[in-house]
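For reference, the chains in residue letters:
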Amino acid sequence: MSLTHQFFFGIYPYIAMVVFLLGSLVRFDRDQYTWRSESSQMLSTGLLRAGSNLFHLGIIGLFFGHFFGMLTPAELVHALGITAAQKQMLAVVAGGILGSVGLVGLLLLIARRLGNERVRATSKPRDFLVLFWILGTLLLGLSTVPLSLTHRDGETMLKLMAWAQHIVTFRGDAAGLIADVSLVFKVHMVAGMTLFVIFPFTRLVHVWSGFASVGYVARPWQVVRSRRTGLPR
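Residues numbered from 1 in each chain as written. Predicted model: local features only at pLDDT ≥ 70, side-chain atom pairs only at ≥ 80, totals over all residues. Heavy atoms only, no water.

(A) Structural context of the packing of helix α1 (residues 3-30) against helix α7 (residues 155-168). Contact geometry of α1 with α7 gives a least axis separation of 10 Å together with a crossing angle of 50 degrees. Classified by the angle their axes make, α1 and α7 are oblique. Read as a crossing pair, α1 and α7 show a hand that is right-handed. Each of Phe9, Pro13 and Tyr14 in α1 lies in contact with α7, whose residues at this interface are Trp163, His166 and Ile167. (Axes fitted to C-alpha atoms, helices over the stretch in contact; angles between N-to-C directions. Helix = DSSP H or I, 4+ residues; strand = E, 2+ residues; numbered from the N terminus. Parallel < 35°, antiparallel > 145°, perpendicular 65-115°, else oblique. Left-handed = near helix turned anticlockwise from the far one by under 90°. Contact = heavy atoms within 4.5 Å.)

And the structure:
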């Protein structure tokens, strides 16, 4: 196992997570007026609605699919009567569909941002960085689908699950678990982790607001009394 492999899969995940969390906190504390999605809807609707809906549907599905798929203990999956091969096939089908939906939406958004003069004029370099970085990460993820279909025993998936679970539980042997995994998977993983690094410095921070809205919906009712119902004047 090389030092490069050890860095990217044993150390870099923690660097990415620290930058992601601390960077988001610092930006919220110091630059709250920049904490928004910076929507360009007022400039042009065009492909925005279709592209945004497809993109968010695909990306949100992929995020939660990766989250629960990678962090669910293999023992629990087996206890439910699901074999590693079956779980891998489910991941391939669901990931392929959601990835394709997200890719179509992303291409529509890129076409709109590049093709509309007003939208392009108000775009920042970081906007294009986000779009094309996600594009590359999506393409790498989709390229693992045919590779996964060549070995359907689920062995690679189990290694990736073990790696993720060792990372979140701070076990130092995580990198060694995926030393022999295909380079395509590794590059996709590094691209995905780097997305968390650039997250706090781009419009992606508005994702936090999406999670916060769940708390807003679940908030207690606000009691409002009229002055005529007993309050002293």
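(B) Molecular detail of unusual backbone geometry. Phi is positive for Phe170, close to 60 degrees, though the residue is something other than glycine. You can call Phe170 exposed: its relative accessible area is 66%. (Buried < 20%, exposed > 50% of the residue type's maximum accessible area, 1.4 Å probe, protein only.)

(C) Fine view of the packing of aromatic side chains. Evaluated as defined, the whole model comprises 13 aromatic pairs. Both rings, one in Phe7 and one in Phe8, keep their centres 5.2 Å apart while their planes meet at 75 degrees; by these two values the pair is edge-to-face. A residue is classified by how much of its surface remains accessible, and Phe7, at 33% relative accessible area, is partly exposed. Judged by centre distance (4.9 Å) and plane angle (75 degrees), the ring pair of Phe20 and Phe199 falls under edge-to-face. Of this pair, Phe20 sits in helix α1 while Phe199 is found in the loop between α8 (183-198) and α9 (206-217), placing the two residues 179 residues apart along the sequence. Like Phe20, the residue Phe199 is buried in the burial classification. Taken together, the ring pairs connect Phe20, Phe196, Phe199 and Trp208 into an aromatic cluster. (Phe/Tyr/Trp six-rings, centres within 6.5 Å; stacked < 30°, edge-to-face > 60°.)

(D) Quick look at the confidence of the model for the protein chain. Per-residue confidence for the protein chain gives a mean pLDDT of 87; residues scoring 70 or more make up 84%. The weakest mean pLDDT in the protein chain belongs to α9 at 65; the strongest belongs to α8 at 96. (pLDDT = per-residue confidence, 0-100.)

(E) Focus on the packing of helix α6 (residues 125-149) against α8. Put simply, α6 and α8 touch, their axes get as near as 9 Å, and they point 155 degrees apart. Relative to α8, the element α6 lies roughly antiparallel. Note on packing geometry: the crossing formed by α6 with α8 is left-handed. Every residue of α8 that contacts α6 at Leu129, Trp133, Ile134, Thr137, Leu140, Gly141, Ser143, Thr144, Leu147 and Ser148 is listed here: Val184, Phe185, Val187, His188, Ala191, Gly192, Thr194, Leu195 and Ile198. Of the residues that constitute the contact of α6 with α8, the class distribution is eleven nonpolar, eight polar and no charged. (Nonpolar A, V, L, I, M, F, W, Y, C, P; charged D, E, K, R; others polar.)

(F) Looking closely at the pattern of salt bridges. Here the structure, examined in full by the defined rule, presents three salt bridges. Notably, a salt bridge pairs Asp127 with Arg203, separated by 3.1 Å at the nearest N-O pair. Residue Asp127 is found in helix α6, and its partner Arg203 is found in the loop between α8 and α9; the two are separated by 76 residues along the sequence. There is no split in this pair, since Asp127 and Arg203 are both buried. Lys159 is the salt-bridge partner of Glu155, the closest N and O atoms lying 3.6 Å from each other. One end of the pair, Glu155, and the other, Lys159, are both in helix α7, four residues apart, so they sit about a helical turn from each other. Residue Glu155 is classed as partly exposed on the basis of its relative accessible area of 42%. For Lys159, a relative accessible area of 22% puts it in the partly exposed group. Within this structure, Glu155, Lys159 and Asp180 form a network of salt bridges that share partners. (Salt bridge = Lys/Arg side-chain N within 4 Å of Asp/Glu carboxyl O.)

(G) How the structure looks around a nonpolar patch on the surface. Together, Met17, Leu21, Ile60, Phe63, Phe64, Phe67, Phe68, Phe196 and Trp208 line one region of the surface with nonpolar side chains, adding up to about 820 Å² of accessible area. Residue assignment for the nonpolar patch shows that the elements contributing at least two residues are α1 and α2 (48-71). In terms of residues, the nonpolar patch owes the most to one element, α2, which gives five residues. Locating Phe64 in the fold gives a position in helix α2. (Patch = residues over 30% accessible without salt bridge, like charges linked within 9 Å, V, L, I, M, F, W, Y side chains within 5 Å. Areas by Shrake-Rupley, 256 points an atom, 1.4 Å probe, with all protein chains shown as cover.)

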